[in-house]
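# Understanding the architecture of this molecule
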Amino acid sequence: MALMTSGEFAQASGLSRKALRLYDELGLLAPVRVDPQSGYRFYSPAQLERARLVAWLRRLGMPLAAIRTVSALPAAAAARQLAAYWDQVEAETAARRELASFLVGYLSGKDNEMTDDTREMLTIRYAVRSDIGLVRQDNEDAVYAGSRLLAVADGVGGHAAGEVASAAVIEALRPLDTQVPSGELLNALDHAVRRADGALHDLVAANPSLAGLGTTLTALLRSGSRLGLVHIGDTRAYLVRAGEIFQITRDHTVVQSLVDEGKITPDEAWSHPQRMMLLRALDGQHQHEPDLQFHEARAGDRYLLSSDGLHATVPAGEVARVLLAVADPEQAAAELITLAIDRGAPDNVTCIVADIVAASDPVTMAR
Ligand SMILES: [Mn+2]
């Protein structure tokens, strides 16, 4: 087969000679022959396809080492590697998107910090219920509610381990329920989650029989009118605002990712056999980054934090009916638990109903 000069090869492949020289230097595509006298480089027409593939992969942003591997593989194996690479890119981008939107909200609120005093005059009126349910031997859910911190955790890893994990994580968060300056909200949450994960690590180190333990965590931390939300796993947070209900956390479950990929419908997810399988949890391994969000609290807002024993047992419409119709948080929380019990409560069930109220609200002052 006649060799092509680098000019001919550049023209045929649609790449510049400069790009070809670069690919050669980077070890991505070496010419088949280099003239020892002139230094001219010659390519085989059979290399055209690989040259084009390398160019496309570079355009995709794939790291050079990965391009070297993928472009040398047979087509089917290259396709699998490329798909795996892209899944990873999308997961990383999703995590960065969450952090970016948190930071946008955080920075947007900062300038109002000192000037808007009225917004600081908010408080939380909350009620918390946790029930072992009708089937389980232990309650692996743990919960904390205070005027600044609301947190729900659902432990996994066998009964003793699950209970220990959720309790340890809630314990590690508890110190947050004091005055945290709003400028410290982000760092306070970040430190608390690290402390929680560190606590799990220490537990397993001290007692290897607990290996495999883990827990979900969904927590809201308030500073003035600002709320930071940290979330990992399948416990959930909902916001009720102006008569509408929004699920503001996304489950880190196998089933949710199947819904996201369009492989199953939300209705099918409800009864899917693998609906409990978590993709992410706090497990003491320092590797699962939680989602962070930033919310501006408004008087009249209501938050629900729940374990899957509620939202995987009671249809969303029934939960919504209680949240919208029952004004008193204590009564609303009690009715939500009753709904789960009425449906057989196959899992531990925990909920926090928390209303954001103006501090001058007479109901609040009376408490
Ligand atoms: Mn559960």
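Residues numbered from 1 in each chain as written. Predicted model: local features only at pLDDT ≥ 70, side-chain atom pairs only at ≥ 80, totals over all residues.

### Here we look at the overall build of the chain
Along the backbone of the chain there are 14 helices and 14 strands. Against the compact-globule benchmark of 21 Å for 367 residues, the chain has a radius of gyration of 27 Å, which places it well outside the compact range. With respect to the three principal axes, the spread of C-alpha positions in the chain is 95 × 50 × 45 Å. Taking all 367 residues of the chain together, the buried fraction comes to 40%. Counted over contacts in the chain with a minimum sequence separation of 6, partners at least 24 positions apart contribute 67%. (Helix = DSSP H or I, 4+ residues; strand = E, 2+ residues; numbered from the N terminus. Rg over C-alpha atoms; globule rule 2.2 N^0.38 Å. Buried ≥ 20, exposed ≤ 12 C-beta atoms within 10 Å, placed from the backbone. Contact = placed C-beta atoms within 7 Å.)

### Quick word on the domain arrangement of the chain
Along its sequence, the chain is carved into domain 1 (4–72) and domain 2 (112–366). Domain 1 and domain 2 are separated by 53 Å when their C-alpha centres are compared. (Domains from an automatic or database assignment.)

### With respect to the packing of helix α12 (residues 316–325) against helix α13 (residues 329–342)
Contact geometry for α12 and α13: axes closest at 9 Å, N-to-C directions at 160°. Here α12 lies roughly antiparallel to α13, going by the angle between them. Of the two elements, α12 crosses α13, and the hand of that crossing is right-handed. Across from E318, V319, V322 and L323 in α12, the residues of α13 making contact are A332, E335, L336 and L339. Class assignment for the residues of the contact of α12 with α13 results in six nonpolar, no polar and two charged. (Axes fitted to C-alpha atoms, helices over the stretch in contact; angles between N-to-C directions. Parallel < 35°, antiparallel > 145°, perpendicular 65-115°, else oblique. Left-handed = near helix turned anticlockwise from the far one by under 90°. Nonpolar A, V, L, I, M, F, W, Y, C, P; charged D, E, K, R; others polar.)

### Focus: the sheet that holds strand β2 (residues 33–34)
Read across the open sheet, the three strands follow the order β1-β3-β2; overall the sheet is antiparallel. This sheet does not close on itself; its edge strands, each paired only once, are β1 (4–5) and β2. (Pairing = 2+ DSSP bridges.)

### Some points on the packing of helix α3 (residues 48–59) against helix α4 (residues 64–72)
It is at 10 Å that the axes of α3 and α4 come closest, and there the two elements cross at 145°. Once α3 is placed against α4, the crossing between them reads as right-handed. Residues R50, L53, V54, L57 and R58 of α3 pack against I67, V70 and S71 of α4. Its residues assigned to classes, the contact of α3 with α4 shows five nonpolar, one polar and two charged.

### Brief notes about the sheet that holds strand β4 (residues 122–131)
Reading across the sheet, the five strands line up as β4-β14-β13-β10-β11 and stay open at both edges, with antiparallel pairing between neighbours. Looking at strand neighbours, the two that pair on one side only are β4 and β11 (244–247), the edges of this open sheet. The average angle at which neighbouring strand axes cross in this sheet is 20°, direction not considered. In terms of strand pairing, strand β10 (residues 236–241) meets β11 through four bridges, oriented antiparallel. Across the sheet, residue Y238 finds its bridge partner in β11, namely Q247.

### Describing the nonpolar core
Across soluble globular proteins, nonpolar side chains have a tendency to be buried as a group. Core analysis: the largest hydrophobic core is formed by 72 residues, its most contacted members being L150, A151, V169, L173, L221 and I352. With nine residues, the single largest contributor to this core is helix α7 (residues 159–173). Among all residues touching L150, those that are not within four sequence positions of it are Y126, A145, A219, L220, L305, I352 and A354. L15, L28, V54 and I67 belong to the second largest nonpolar core, which has 14 residues in total. (Core = buried A, V, L, I, M, F, W, Y, C linked by C-beta atoms within 7 Å.)

### Section: α3
Between the first and last C-alpha of α3 there are 17 Å, a value that for twelve residues agrees with the 16 Å anticipated at 1.5 Å per step. Here α3 has its buried residues at A51, V54, A55 and L57. An end-on view of α3 places all buried positions within 165° of arc, on one side of the element. With respect to the buried face of α3, the exposed residues turned more than 90 degrees away are E49 and R59. Elements that come into contact with the buried residues of α3 comprise α1 (6–13), α2 (17–25) and α4. Backbone geometry just after α3 places G61 at a positive phi near 90°. (Expected span 1.5 Å × (residues − 1). Arc of directions from axis to C-beta.)

### Observations regarding the pairing of strand β13 (residues 302–306)
Along β13, five of the five residues are buried, which leaves the element largely enclosed by surrounding structure. Relative to β13, β10 is paired through five bridges, and the arrangement is antiparallel. Across the sheet, residue V240 finds its bridge partner in β13, namely R302. In this structure, β13 lies alongside strand β14 (residues 349–358), joined through five bridges in antiparallel fashion. Residue pairing in the sheet places L304 in a bridge with V353 of β14.

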